Amino acid sequence: MKISGKYKNVMVEISRILLGVVFVFSGFVKAVDPLGTVYKIQDYLTAFGFQSLNSLALPLSFAQGIIEFALGVCLLLAVYRRSTSILILLVMLFMTPLTFYLAIKNPVTDCGCFGDALIISNWETFYKNIVLLVASVIVFLWYKQMNRVFSFRSSWLAALYTYLFIIGLSVYCYRNLPILDFRPYKVGANIPELMAIPEGAPHDEYESTFIYEKEGVQKEFTLDNYPANDSTWKFVDSKSKLIKKGYQPPIHDFTITTSDGGDLTHEVLADTSYTFLLIAHKFEKASDSNVDRINEIYDFSQQFGYRFYALTASTADQITEWVENTGAEYEICTTDDITLKTIIRSNPGLMLLKKGVIINKWAHRNLPSGAMLSRPLNEAPWGQIPPNRNVQKVILCLGALFIPLALLFIFDFITYRRKENKQAVLPEEENKK
């Protein structure tokens, strides 16, 4: 069946917008949290037995976010239509079978395709990729139907600026902290409330089976039919299988354990004063370039009577080495490695708590210093929860991307497109004569 040009245009435009928006969103949330993408890539490498390639996780993280975002923008702008449509089709041809395998085998529970901004199941990811694969085939077959925003002479500038923008954003968020925090440990979060399970919330449901043996033959029973009163059956083993997942609070694994095995979690979260938590998921991998500033903040905490703990998942020997190398006098406690990497995307990083509420967070490159450490926190701006500026940050990012592209569009229209339109009109007028 032959498809008319009108329907082709509609199908291509819908597919182009769908693919472009999804790729831009997926690439953006990865770019603003490159370390989060690193951890997810490492999960994949571990699941497939390629732990030896973990050193490639960081460059792969940058590449994934940058390429997805740039391809999405190029598709929306119809820049390099043929090559962009080919690359997107190749991405979908790779990702669709992969997500089908993930849905069946479930080696990782979260695909990480939208970072922490939107968590969907592996089956939902596969169904989403089926739709995107169909859209990518449509765009690939009829890429010439896409209406170009820029002339060919200016397309390279639009693509180049898009890549430079997303590279700059990724590097900034890697060196500091993500400009948008989608995790439960964001500034302003109340940890005790996020750890609580609401009354009446559903619990995990398990199916138990029991293995009994009689005359050398083993058989499985359920709770309804196991031979409780038949002594001729000998109990061998039991198994439990999760059949329905119950409610899981956003924060369910936050604990603070002292070196002698004590639990400080409740004490810290219930403290009505300020508490500094130095987060270093692995001391052996932590940067020691700002240890003097860390020690200054510890001295500041002691001066005004604030708690100060370091949280790590390192071994006792690695903790001892850190203390010897940095002169640390603060108490060092242990917490789950994944939890620490979720709390803050910096190694080390600093988090400030009060009554279990996260007041602020800093990467080790921009820790408080100087005049900020001269007065008590209740009198200092950095001792208060900063206003939520996520909307302003998104608007700033959109402006930084699209204002230069809009200026380029105006220049391109005046310089090239208008001339092309005039040249296209002249032959039509000659034909009419």
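In case you missed it, the structure is sitting above this.
Every value quoted in this text rests on a predicted model; they were computed, and no experiment measured them.

(A) Here's a closer look at helix α2 (residues 34–47). With 14 residues, α2 should reach 20 Å at 1.5 Å per residue; the first-to-last C-alpha distance of 20 Å fits that figure. Burial analysis of α2 places ten of its 14 residues in the buried class, the great majority of the element. Here α2 has its buried residues at Pro34, Leu35, Gly36, Thr37, Val38, Tyr39, Lys40, Ile41, Tyr44 and Leu45. At the exit of α2 stands Gly49, carrying a positive phi of roughly 80°.

(B) Summary view of the sheet that holds strand β2 (residues 217–222). Spatial strand order, β2-β1-β3: three strands in an open sheet with antiparallel pairing. In this open sheet, the two strands that pair with only one neighbour each are β2 and β3 (234–244). Adjacent strand axes in the sheet meet at a mean angle of 25° when their direction is disregarded. Sheet analysis places strand β1 (residues 205–214) next to β2, joined by six bridges and oriented antiparallel.

(C) The arrangement of unusual backbone geometry in detail. In this chain, Asn347 is followed by Pro348 through a cis amide linkage whose omega measures 5°. When you line up the elements, Pro348 lands in the loop between α11 (337–343) and β7 (349–354). Phi is positive for Ala78, which is not a glycine, with a value near 55°. On the secondary structure map, Ala78 appears in the loop between α3 (57–76) and α4 (81–105). Notably, Lys355 is not glycine yet its phi reads approximately 55°, a positive angle.

(D) Spotlight on the sheet that holds strand β4 (residues 274–280). The strand order β6-β5-β4-β7-β8 describes an open sheet built from five strands, whose pairing is mixed. Looking at strand neighbours, the two that pair on one side only are β6 (331–334) and β8 (357–363), the edges of this open sheet. Sheet twist, expressed as the average angle between the axes of neighbouring strands with direction ignored, equals 25°. Docked against the sheet, helix α9 (residues 291–304) engages β4, β5 (307–312) and β7, running at close to 140° with respect to β5.

(E) Here's a closer look at the pattern of salt bridges. Tallied over the full model, the rule gives eleven salt bridges. With its nearest N and O atoms 3.0 Å apart, the salt bridge here joins Asp181 to Lys361. Of the two residues, Asp181 is situated in the loop between α6 (152–175) and α7 (191–195) and Lys361 in strand β8; the sequence distance between them amounts to 180 residues. Classification of Asp181 as buried rests on a relative accessible area of 16%. Look at the salt bridges and you will find they share partners, linking Asp33, Asp116 and Arg345 into a network.

Conventions adopted
Residues numbered from 1 in each chain as written. Predicted model: local features only at pLDDT ≥ 70, side-chain atom pairs only at ≥ 80, totals over all residues. Heavy atoms only, no water. Helix = DSSP H or I, 4+ residues; strand = E, 2+ residues; numbered from the N terminus. Expected span 1.5 Å × (residues − 1). Buried < 20%, exposed > 50% of the residue type's maximum accessible area, 1.4 Å probe, protein only. Pairing = 2+ DSSP bridges. Axes fitted to C-alpha atoms, helices over the stretch in contact; angles between N-to-C directions. Contact = heavy atoms within 4.5 Å. Salt bridge = Lys/Arg side-chain N within 4 Å of Asp/Glu carboxyl O.

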